[in-house]
Amino acid sequence: MLATNIDDLPTVYNAKETEEDIYKFWEDNGFFKADAKSPKKPYSIVIPPPNVTGVLHMGHALDETLQDILIRYHRMSGYEALWVPGTDHAGIATQNVVEKKLREQGLTRQEVGRDRFLEMTWEWANEHKSRILDQCKRLGASFDRSRERFTFDKGCSEAVKEVFVRLYEKGLIYKGAYIVNWCPRCQSAISDVETEYETEKGHLWEISYPLKGESGAIIVATTRPETIFGDVAIAVHPTDHKYSELVGKTVVVPLTGREIPIIADEYVDKTFGTGAVKITPAHDPNDFEVGKRHGFEPIWVIDEQGRMKACGEVPPELHGLDRYEAREKIIGMLEYNHFLLRVREHEHNVGKCQRCGTTIEPLLSEQWFVKMKPLAKEAIAAVKDGRIKFIPERWEKNYLGWMENIRDWCISRQLWWGHQIPAYHNKLTGEMVVAKENPDPSVWEQETDVLDTWFSSGLWPFSTLGWPNTDSEDFKKFYPTTTLVTGFDIIFFWVARMITMGLEFTGKAPFSTVYIHGLIRDEKGQKMSKSKGNTIDPVVIIDKYGCDALRFTMTSLCTYGGQDIKISDERFEYGRNFANKIWNASRFVLMNLDGVDNNDIDFSKLTIADKWILDKLNNVAKEVNANIENYRIGETAHVLYDFFWNSYCDWYVEIAKVQLQDSDIKLNTQRVLRYVLDMSLRLLHPIMPHITERVWQLIPKKSEFKAIMLADYPVYQDQLSFPTEAKEMELVFETIKSLRNVRQSFNIPMGLKFNITIHATNEEKPVFEAIESYIKRMAKVEEISYADVDVPVAKKSATAVVSASKIVIPLENLIDFNEEIARQEKKLGKLQNEKKSLEGRINNPKFVANAPADLIQQTKSRIEEIEIQENSINELITSLKA
RNA sequence: GGGUGUUUAGCUCAGUUGGUAGAGCGUCUCCCUUACAAGGAGAGGGUCGGGGGUUCAAGUCCCUCAACACCCACCA
């Protein structure tokens, strides 16, 4: 149990013991549950579903924190806020994990069989499904667990079938034989976006193909000699004079003796290699196109495992050999037979499987595709006409560029873990139908391929809200969602597809704003990865520094431009220290409230300092609201940090200590202290939910809200605006700062109080009188006396020029006058520089003609102010020198 | 080959419509002042990557160069 007695609160904030209890308090009270029947305006976010295979990492921590900030802010601002949590079945990734476990037992999925394998994967998924969302609780995530979903649950599966059938019926899904990116390890096709290219050092082999029936040969350059058996032609550029006489002739493929023609095709680059290229339509996407144009039948020579195919085209001694072993062997064979003329080092890009890193084998195979061009139209329009806005805006360009050049999406995967394609083959006739249900299982059997995992994620914003049942309460209330928060790395994978599908099936953009944040990197700016061993575990950080510290630190590092965020363990001290500051300032206030349980401030009794802090708070509220609305989350953190620490703690709380001594204004000061703390906590709550809730619960109050997370978010109020007093307080700060400066400069110990004389102007004197008590306490001043501003200052003294007045500290025995002269000259120098530059402006007629009036006025008055101070300082220096 | 981002204090980075640069950490002084040493007070530190241009005025807009990072394309 957390302590409730103020005197029992530790002097160091204990995040660990607080956070668990507070989260439980929220959850037990059902505060995260959204009400679809609420009359309030909806605000909804669907979580980018983490993979069931995953453990919480820093990327999630940031993503979830930002969503939680938006949700909590809107919940407090009068919206019915719904955050839908859930996980992704992550087809390949999950299957790989389960297969790996099998392999550890010496088994393959084929040995286990499809049904048993799926059973095992479901078991595994069910065990892990909630794990990551449970971990998100450590982040303080206020999502509605009663609405938790899974991309492979019944509802999502219904949505998938519905979408598939409708797209098929519309002619937007087709099946066909094309070159796809094939992962020999995953044993499946993967899509273009799942293929990552890496630069690798390889070789460029020049191979001689002898002409048939005459002497001579054509030299071909290739990086993949093992595909030689699949060659159907040699291509040269139509305008390449080197080869013009050879086009139409026949050559003999080395090592097989097969005869193939030399053809001309524009695809060939005259300047690369030898200018002649072998055409292997079954194993290269470009060659496939060339082959199609010229009407060649592709020849398969590499199988799905990446091994040489046991077919007539391939010499028997190579059958079943791995593609790289075969390559070595073939090189040897070519060399032995004098077909190999030259080898060169060659750097080129090689496609890798995003999931397992295996080199992709472009393979001709029968797959299912979605025609993207027709769907992309609306998805492009929705972004162009502003129905969907990207923050930061530049990602729009990125999205549009991709969408405008979109290619068909290969959606079939030769996996077992995933949504089985709802197509059925007639065992007798071979006929195929696409339907949500099997027409007759005794005659029809379902397609064995499953769908790309992103197919179901693409439906996430509406499948989670009840679609295809468009009458569901959640769908009606919360769709379309408001904001999507994610990293830029999945704009193509996910965001683009949600937009496409959402528009096609609901007629509405699935969200109006896409908030893209940066990626988390290590302190050197490198991507965090398990293999590099540079990951930072958010749970470890939370244990060490606290969740709110983690959230605050990360939030403060978010920039409007969405830059990547570099972190290291020590950086989180920033947030922890701030949490501790909040804790201790709160303790002070709580210890001094004497049970004051309301914010009923008596406006007639407000001091200048009270008005200043209220004015400041008011402006902060205004700024914070605007910042959050505009996704300036980092700025929000900075503004609140600065206000709470530098204004409230460093100045107002210190001033309040003075005011609390005055029985006349004690109660009102307590109310101001309480009010500003209350509002500060509310303002901070979306970013630092636990500590703010914890402290807020400790503030004596009549029941108003049950929790700070349900309290009203502060907004700007006219009656709390005190610009005049806010300005006058500058005098307090300047005075106290100058006096402290003098004290430090002359090494006057804090224990030694001194008297001062203020040579004040008539305007400023009343203000000084009003703030005397603050000056006395905060600058350790004994007595304050006044003199006219024109009266010469006492000779043996240090002087601070503040605004138009002078503050004189008689320090006969304490100061070295040369030092004081130097100190004043330094200040004078600064002022003179400033004046010089300002005068340069004001004396420029073009400036006076063009600059805005208020700036000119401002410049003039600043010059006047400087002149007054200059005069004072000059006088001082003269008198010191005398 | 196209595109985007970055370059500001010793370090890590902020800086919304152009109006003489800010924070955190670190450094140097001083301080256990009854909320906080994870703290308080004071100080020092930058010709805003180079060059050019627009403007009365440029860290901010335009051009150019350089370095670094990333994305897309995929010449065998």
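Residues numbered from 1 in each chain as written. Chains lettered and ligands numbered in written order. Predicted model: local features only at pLDDT ≥ 70, side-chain atom pairs only at ≥ 80, totals over all residues. Heavy atoms only, no water.

Participant: Whenever I open this one, the overall build of chain A confuses me. Can you help?
Facilitator: Check the secondary structure of chain A and you find 28 helices and 29 strands. A compact globule built from 882 residues should have a C-alpha radius of gyration of about 29 Å, whereas chain A, at 37 Å, is more than 25% larger. Considered along the principal axes of its C-alpha atoms, chain A spans approximately 120 × 65 × 55 Å. A burial count over chain A gives 56% of its 882 residues as buried. Sequence separation of at least 24 residues holds for 76% of the intrachain contacts in chain A that already meet a minimum separation of 6. Surface exposure of chain A reaches about 38,400 Å², of which carbon and sulfur atoms provide 48%. In chain A, 111 positive and 130 negative side-chain charges are present, and the distance between their average locations comes to 1 Å. (Helix = DSSP H or I, 4+ residues; strand = E, 2+ residues; numbered from the N terminus. Rg over C-alpha atoms; globule rule 2.2 N^0.38 Å. Buried < 20%, exposed > 50% of the residue type's maximum accessible area, 1.4 Å probe, protein only. Contact = heavy atoms within 4.5 Å. Areas by Shrake-Rupley, 256 points an atom, 1.4 Å probe, with all protein chains shown as cover. Lys, Arg positive; Asp, Glu negative; His and termini not counted. Charge placed at Lys NZ, Arg CZ, Asp CG, Glu CD.)

Participant: Whenever I open this one, the nonpolar core confuses me. Can you help?
Facilitator: Within soluble globular proteins, side chains that are nonpolar tend to cluster in buried spots. With 204 residues, the main nonpolar core has Met58, Phe390, Tyr399, Phe455, Leu614, Tyr648 and Ile756 as its most contacted residues. No other element matches the 15 residues that helix 20 (residues 633-659) contributes to this core. The contacts of Ile756, once residues within four sequence positions are left out, are Leu739, Ile775, Val781, Glu783, Ile784, Ser785, Ile807, Val808 and Ile809. Residues Ile207, Val301, Ile302 and Met333 belong to the second largest nonpolar core, which totals 40 residues. (Core = buried A, V, L, I, M, F, W, Y, C linked by side-chain atoms within 4.5 Å.)

Participant: Can you walk me through the sheet that holds strand 22 (residues 483-487) in this structure?
Facilitator: Two orientations exist for strands paired in a sheet by backbone hydrogen bonds: parallel and antiparallel. The three strands lie next to each other as 15-23-22, forming an open sheet whose pairing is parallel. The sheet is open, and its two borders are formed by strand 15 (389-391) and strand 22, each paired with just one other strand. Across the sheet, the axes of successive neighbouring strands diverge by a mean angle of 20°, strand direction being ignored. Examined bridge by bridge, strand 22 and strand 23 (residues 513-517) share five bridges and lie parallel to one another. Looking at strand 23, one finds that Val485 is bridged to Tyr515. Packed onto the sheet, helix 15 (residues 491-506) meets strand 15, strand 22 and strand 23 and runs at close to 165° relative to strand 22. (Pairing = 2+ DSSP bridges. Axes fitted to C-alpha atoms, helices over the stretch in contact; angles between N-to-C directions.)

Participant: Quick question: what am I supposed to make of the packing of aromatic side chains here?
Facilitator: The description of two aromatic rings rests on the distance between their centres and on the angle between their planes. The full count for this structure, using the stated rule, is 44 aromatic pairs. With centroids separated by 5.3 Å and ring planes inclined at 40°, the aromatic side chains of Phe390 and Tyr399 adopt a geometry described as tilted. Among the residues examined, Phe390 registers a relative accessible area of 1% and is labelled buried. You can call Tyr399 buried: its relative accessible area is 0%. Plain terms: the ring middles of Tyr515 and Tyr631 are 5.1 Å apart, the flat faces sit at 40° to each other, and that makes the pair tilted. Here Tyr631 lies in the loop between helix 19 (608-629) and helix 20 and Tyr515 lies in strand 23, a separation of 116 residues in the sequence. Tyr631 shares its class with Tyr515; the two are buried. Every member of this aromatic cluster is reached through a ring pair, and the members are Phe552, Tyr574, Phe578, Tyr641, Phe644, Trp645, Tyr648 and Tyr652. (Phe/Tyr/Trp six-rings, centres within 6.5 Å; stacked < 30°, edge-to-face > 60°.)

Participant: Looking at this structure, I do not really get the side chain of Asp548. What am I missing?
Facilitator: Within the fold, Asp548 resides in helix 17 (residues 547-556). Put simply, Asp548 is tucked away with no salt bridge, and the nearest opposite charge, on Arg551, sits 4.9 Å away. Polar side-chain contacts of Asp548 include one of 2.7 Å to the backbone nitrogen of Ile691. When neighbours within four sequence positions are excluded, Asp548 is seen to be in contact with Tyr13, Glu19, Met688, Pro689, His690 and Ile691. (Salt bridge = Lys/Arg side-chain N within 4 Å of Asp/Glu carboxyl O. Polar contact = N/O pair within 3.5 Å; in protein donor to acceptor, adjacent residues only side chain to side chain.)

Participant: Just to check I follow, could you spell out the side chain of Asp678 for this structure?
Facilitator: Relative to the assigned elements, Asp678 resides in helix 21 (residues 666-684). For Asp678, a relative accessible area of 4% corresponds to the buried category. Here Arg682 takes part through its side chain, which lies 2.9 Å from a polar atom of the side chain of Asp678. In contact with Asp678, other than residues within four places in its own chain, are Asn599, Trp696 and Ile699.

Participant: Just to check I follow, could you spell out the protein's contact with RNA strand B for this structure?
Facilitator: As a matter of local geometry, RNA strand B sits amid 57 residues, with Phe272, Asn286, Lys566, Trp645 and Glu834 nearest to it. Atoms of RNA strand B within 4 Å of the protein belong to the sugar or the phosphate in 56% of instances, the rest to bases. Arg576 is positioned with one of its side-chain polar atoms (N or O) 3.1 Å from a base nitrogen of RNA strand B. Taken together, the residues of the surface near RNA strand B sort by class into 21 nonpolar, 17 polar and 19 charged. (Near = heavy atom within 4 Å. Nonpolar A, V, L, I, M, F, W, Y, C, P; charged D, E, K, R; others polar.)

Participant: Even after reading the chapter, I still don't get helix 9 (residues 323-336), so can you show me in this structure?
Facilitator: Residues spaced three or four apart along an α-helix point in a common direction, a consequence of the helix completing one turn every 3.6 residues. In this model helix 9 runs 20 Å from its N-terminal to its C-terminal C-alpha over 14 residues, within 8% of the 20 Å that 1.5 Å per residue would give. Taken together, the buried positions of helix 9 are occupied by Arg323, Ala326, Arg327, Ile330, Ile331, Met333 and Leu334. The arc that holds every buried residue of helix 9, seen down its axis, measures 165°, which confines them to one face. Those residues of helix 9 that are exposed and aimed more than 90 degrees away from the buried face are Glu328 and Tyr336. (Expected span 1.5 Å × (residues − 1). Arc of directions from axis to C-beta.)

Participant: For this particular structure, what's the right way to read helix 19?
Facilitator: Taking 1.5 Å of rise per residue, the 22 residues of helix 19 would be expected to cover 32 Å, and the 32 Å separating its terminal C-alpha atoms lies within 8% of that figure. Of all 22 residues in helix 19, 16 are buried; the element is thus mostly enclosed. Following helix 19 by one or two positions, Tyr631 adopts a phi angle in the positive range, close to 60°.

Participant: What exactly am I supposed to notice about the sheet that holds strand 28 (residues 797-802) here?
Facilitator: In space, the four strands of this open sheet follow the order 27-26-29-28, with mixed pairing throughout. At either end of the open sheet lies a strand with only one pairing partner, and these are strand 27 (781-788) and strand 28. On average, each strand axis in the sheet is inclined to that of its neighbour by 25°, with strand direction left out of account. The pairing of strand 28 with strand 29 (residues 805-810) spans six bridges and is antiparallel. Among the inter-strand pairings, Val801 is bridged to a residue of strand 29, identified as Lys806.

Participant: Mind showing me how you'd approach the packing of helix 3 (residues 91-104) against helix 5 (residues 114-129) here?
Facilitator: For any two helices packed against each other, one specifies the crossing angle of their axes together with the interaxial distance. Viewed as axis vectors pointing N to C, helix 3 and helix 5 meet at an angle of 110°, and their least axial separation amounts to 10 Å. By the angle class used here, helix 3 and helix 5 are roughly perpendicular. Residues Thr94, Gln95, Val97, Val98, Glu99, Lys101 and Leu102 of helix 3 lie in contact with helix 5, whose contacting residues are Phe117, Met120, Thr121 and Trp124. Tallied by class, the residues present in the contact of helix 3 with helix 5 amount to six nonpolar, three polar and two charged. (Parallel < 35°, antiparallel > 145°, perpendicular 65-115°, else oblique.)

Participant: Just checking my understanding: could you explain the pairing of strand 8 (residues 217-222) for this structure?
Facilitator: Looking along a regular strand, one sees the side chains alternate between the two faces of the sheet. The pairing of strand 7 (residues 195-210) with strand 8 spans six bridges and is antiparallel. Among the inter-strand pairings, Glu206 is bridged to a residue of strand 8, identified as Ala221. Hairpin remark: strand 7 followed by strand 8, antiparallel, with six residues in the connecting loop; positive phi at Gly213, about 75°.

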